[in-house]
Structure formats: structure tokens, C-alpha cells
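# Coordinate analysis (summary)
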Amino acid sequence: AVIRNPETGSIVKLNSKRFINVCFGDVIRPRLAQRGRTLTKKQLDDKIQLDQELFIDIIKEYNRDAEEYNLHAFSWIQDFQDASSFVQYGEENWPKAKKKFGELMKEYEYMFNSKTQSGFHGDFSEVMESIKDSADPNCTNPSILYLHGHLLQNEKLFDRCLSLLPSDAFSESTSGAPIMKQKKCNTAGGKGRVSGRGGGG
């Protein structure tokens, strides 16, 4: 169901930049490595769902007035959104926060796979830097580039954040990444370029 502000009736959406800042901030980042872990018997008895506690805490941090969540972290990415402009998000909406995280990671994985399937066969770090250097702001969702900036700084979380990459994502070659259907982005010059699904918010 659509989440609406009870006072104004307007639709409430998560601010993508702020959400990413929170997920990779000092409070939440250490817990991302535990995402998807099997629930304990007590959690099952208490009817806690998978990752429920994590995403409730992400929402708590998202709602907290903390300067580090308001920042634009990377100068090489165009400032595409004001992270300080947000509406309080109800903790009961944690499934939507979890879905948001999954959608961002899925789109990021699409971009990563497009790079590794386009003939680039460097090691993991070289692929990550190449994405940064060759990013086309007209063809790539800026939220995904922003996410990439955080993953550049936190490469050890890469295979924990992306669900479909093989377990050897940190091996010498990235050519083993699964092939996903590629989509062309039409630029002003008329040439098609591989892109993610676009969008953002």
C-alpha cells in the first residue's frame, strides 16, 4: 500500500541519498554483514521476520536528525538530492525499507554486470574504479552511482549486499558474474549505451 502523510495526505517516499547514507553510516554499516542471517528460535517464537530488526533500526537512524546523514559524500557525483529534506518514516513500514534496499542493490548489480559483460576483465578493484571513471550521468540513476561510491569505500560488504553475485566475487577475474539482460540508454547522440533501469527518488 502507498504510504501517505496523515497530516497532508501526500505520498511519503524514502529519500534515496539519505537512505544510502544511513545504510553505510557508522551505526548501520557493521550490521549489513549480518543481513539475511537465519533467525534464532527466540526470534521465530516472537514472530520476528527476516531482517525486521535491522530495517527498523535503519528507519530509526533515518528519522534521526544527524548531520552525517544530510551530507553529499562524493564530489565526483553530481549533487542530485537534498538528503536533509525528508519526512519521518514509520517503523511499521520496515518492509518497504527492506524492499527499497533490495531494489537499489538489484539495479546496482545490473550496472556492475553490464560492465563485466562488456569485455572488461580487470580485477574487482579495477572494475569498481572503471565504473566510477566511465559513469555517464545522463544514462545512470544517480542514486546507483552514489551507492557505488559507498561500495568503493566498503568493498568487503560487496558480496553481502548483492544477492545474485557468485561467492567468488573477489576473485582475480569478475568475468564469472551472471549475465543479465542489458538495456540500451538513448543519448542525445543517438548511440545506445548500457544502463540500469533509471529512476530514483
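For the structure itself, look to the data block above.
Below you will find a few notes about this structure. (Residues numbered from 1 in each chain as written. Predicted model: local features only at pLDDT ≥ 70, side-chain atom pairs only at ≥ 80, totals over all residues. Heavy atoms only, no water.)

Turning next to the nonpolar core. Generally speaking, soluble globular proteins have nonpolar side chains that are buried together. By size, the foremost hydrophobic cluster in this structure holds 40 residues, and its most contacted members are F19, F24, I58, F101, Y108, L147 and C161. Of all the secondary-structure elements, those providing two or more residues to this core are α1 (16–23), α4 (52–63), α6 (94–116), α7 (124–134), α8 (142–153) and α9 (158–161). (Core = buried A, V, L, I, M, F, W, Y, C linked by side-chain atoms within 4.5 Å. Buried < 20%, exposed > 50% of the residue type's maximum accessible area, 1.4 Å probe, protein only. Helix = DSSP H or I, 4+ residues; strand = E, 2+ residues; numbered from the N terminus.)

Attention now goes to the packing of aromatic side chains. Within the structure shown, the criterion is met by six aromatic pairs. With centroids separated by 5.8 Å and ring planes inclined at 70°, the aromatic side chains of F55 and F101 adopt a geometry described as edge-to-face. Residue F55 is found in helix α4, and its partner F101 is found in helix α6; the two are separated by 46 residues along the sequence. When its relative accessible area of 2% is taken as the criterion, F101 is described as buried. Ring geometry for F80 versus Y146: centroids 5.7 Å apart, planes at 75°, classification edge-to-face. On the criterion of sequence distance, the pair formed by F80 in the loop between α5 (67–70) and α6 and Y146 in helix α8 is long-range, its members being 66 residues apart. Every member of this aromatic cluster is reached through a ring pair, and the members are F74, W76, F80 and Y146. Over the face of the ring belonging to Y146 we find K17, whose NZ or CZ atom lies 5.8 Å from the ring centre. In this structure, R18 is placed above the aromatic ring of F86, and the distance from its NZ or CZ to the ring centre is 3.7 Å. (Phe/Tyr/Trp six-rings, centres within 6.5 Å; stacked < 30°, edge-to-face > 60°. Lys NZ or Arg CZ within 6 Å of the ring centre and 35° of its normal.)

With that out of the way, let us pick up α4. Since the α-helix packs 3.6 residues into each turn, any two residues three or four apart lie on the same face. For α4, which comprises 12 residues, the first-to-last C-alpha distance of 17 Å matches the rise-based estimate of 16 Å (1.5 Å per residue) to within 8%. In terms of burial, α4 is largely enclosed, as nine of its 12 residues are buried. Residues Q52, L54, F55, I56, I58, I59, E61, Y62 and N63 constitute the buried set of α4. Buried positions along α4 lie against α1, α2 (29–32), α5 and α6. (Expected span 1.5 Å × (residues − 1). Contact = heavy atoms within 4.5 Å.)

What follows deals with the pattern of salt bridges. Counted by the stated rule, this structure contains eight salt bridges. A salt bridge links R29 to D26; the nearest nitrogen and oxygen atoms lie 3.2 Å apart. Its relative accessible area of 25% is what places R29 among the partly exposed residues. We note a salt bridge from K42 to D46, for which the minimum N-O separation is 2.8 Å. Taking the relative accessible area as the measure of exposure, K42 reaches 58% and is therefore exposed. On the basis of relative accessible area, D46 is assigned to the partly exposed category, the value being 43%. Here the salt bridges do not stand alone but share partners, grouping R31, D57 and K60 into one network. (Salt bridge = Lys/Arg side-chain N within 4 Å of Asp/Glu carboxyl O.)

One can describe the packing of α6 onto α8 by two numbers: an axis separation of 10 Å at closest approach and a directional angle of 85°. Taken together, the axes of α6 and α8 lie roughly perpendicular to each other. Where α6 approaches α8, its residues L104, M105, E107, Y108 and M111 are matched on the opposing element by S143, I144, L145, L147, H148 and L151. Across the contact of α6 with α8, the residue classes tally to eight nonpolar, two polar and one charged. (Axes fitted to C-alpha atoms, helices over the stretch in contact; angles between N-to-C directions. Parallel < 35°, antiparallel > 145°, perpendicular 65-115°, else oblique. Nonpolar A, V, L, I, M, F, W, Y, C, P; charged D, E, K, R; others polar.)

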